[in-house]
Amino acid sequence: MPEEIIRTLSVDGVRYGYRVLPHSRPGGAPATEPTLILGGALQGMFGWPQMDDHLGPAADVVTADLPGMGSADPLPPGPSADLLRRAVLGIADDLGAPRLNVFGFSYGTAIAFGFARRHRERVARLALGGVPVHIDAAQVACWERARQQLAAGDREGFAATAADALMCLDPERPVHRRELARRYVRRSFLHALTHSPHAADSLYRALADRPDFTGGLNGVPALVFAGEHDTVTSPARQREFAATIEGSRFLTIEESDHWVVLERADEVASLVSRFFTGREPAAGETGAPGPAGAVTLPRQAGAPAGRS
């Protein structure tokens, strides 16, 4: 496998970085544009091995610690959407890439969508998963409890409450390897709180700095997908959002919730890889004519769960 490259940039004096895993396509140019992956508030540049595996043979895989994430500097006070969009533009310019494929998940969908709206000429294709279009009062109340636990010094309690807020815990709604994902998310929150001095601020900002998913989008091929039991924002609301993107396609993925990228890691990576490289849909993805066609992608028998 090619050796990864780490680069450091800054925007408005805020330091951040990105990682490039050069494509491993034997004997030739990559099959598609470089692919930038933007994850949740605490998902940094080293959290996407499954995307390396699936996209690495076809494209340069680019991951980032944007301002406020991972090892980057914290975000300054105030709204951050414009600064984060310019940070993404800085990555594209530093790569020398006229256009990027952009994949955003959860918190990262707002950054990816905002960048595509502002700089559509720089986006070859756009994939968005777990789009937090609408946060209801119950979610807000749960996160307020988590905030109070953290303020009281109860990191374990915070991690448990925050993880549960992002997952479907209803035993009547099957989620593939739910408990494995639940333990992983809790450990991830604890690790971030221990090793990143601004992790808590990043989480609060992800909730308080409400993203803007209005205004629609055209001129960019787009795929939107959701776990069928996403309790952060329902698949129905995510489908409504997808319909505002001209010519987009919408899919739900069975036996998964908001953490579909963990519970169905390889299937999501394969789905996104096929979309970015223009390959034909796999079995179970057909029958979606028209914009934002609703399709259910079933779990493949024996498919592995997300990595822990």
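Just so you know, these numbers come straight off a predicted model, no measurement behind them. (Residues numbered from 1 in each chain as written. Predicted model: local features only at pLDDT ≥ 70, side-chain atom pairs only at ≥ 80, totals over all residues. Heavy atoms only, no water.)

Colleague: Can you explain the pattern of salt bridges? Please cite residues and give values.
Modeller: Inspection of every chain in the model, using the stated rule, returns 16 salt bridges. The closest approach of N and O atoms between R118 and D82, which form a salt bridge, is 3.9 Å. Of this pair, R118 sits in helix α3 (residues 107–118) while D82 is found in helix α2 (residues 81–95), placing the two residues 36 residues apart along the sequence. The class of D82 is partly exposed, set by a relative accessible area of 33%. Linked through salt bridges whose partners overlap, the residues forming this network are D12, D82, R85, R86 and R118. (Salt bridge = Lys/Arg side-chain N within 4 Å of Asp/Glu carboxyl O. Helix = DSSP H or I, 4+ residues; strand = E, 2+ residues; numbered from the N terminus. Buried < 20%, exposed > 50% of the residue type's maximum accessible area, 1.4 Å probe, protein only.)

Colleague: Any chance you could break down helix α10 (residues 265–277) for me, citing the residues and the numbers?
Modeller: An ideal rise of 1.5 Å per residue puts 18 Å on 13 residues; α10 measures up with 18 Å between its terminal C-alpha atoms. With 11 of its 13 residues buried, α10 lies for the most part within the structure. Taken together, the buried positions of α10 are occupied by A265, E267, V268, A269, S270, L271, V272, S273, R274, F276 and T277. G278 occupies a position one or two residues after α10 and carries a positive phi of about 75 degrees. (Expected span 1.5 Å × (residues − 1).)

Colleague: Give me the lowdown on the confidence of the model for the protein chain, citing residues and values where you can.
Modeller: Looking at the protein chain, pLDDT values average 86 and 87% of them are 70 or higher. Strand β9 (residues 293–297) is the least confidently modelled element of the protein chain, averaging 51 in pLDDT, while strand β6 (residues 123–129) averages 98, the highest of any element. Low pLDDT, under 50, characterises residues 282–294; the predicted model gives this stretch 33 contacts beyond four residues in sequence or across chains. Here residues 299–308 is a poorly scored stretch, pLDDT under 50, and it has 31 contacts once near neighbours within four places are set aside; other chains count. (pLDDT = per-residue confidence, 0-100. Contact = heavy atoms within 4.5 Å.)

Colleague: Describe the packing of helix α5 (residues 155–165) against helix α6 (residues 178–195), and please don't skip the residues or the numbers.
Modeller: Close contact between α5 and α6 brings their axes to 9 Å; oriented N to C, the two are set at 135 degrees. With respect to α6, the element α5 is oriented oblique. When the axes of α5 and α6 are compared, the crossing they make is right-handed. Side by side, α5 and α6 meet where R155, E156, F158, A159, A160, A162, A163 and D164 of the first sit next to R182, V185, R186, F189, L190, L193 and T194 of the second. (Axes fitted to C-alpha atoms, helices over the stretch in contact; angles between N-to-C directions. Parallel < 35°, antiparallel > 145°, perpendicular 65-115°, else oblique. Left-handed = near helix turned anticlockwise from the far one by under 90°.)

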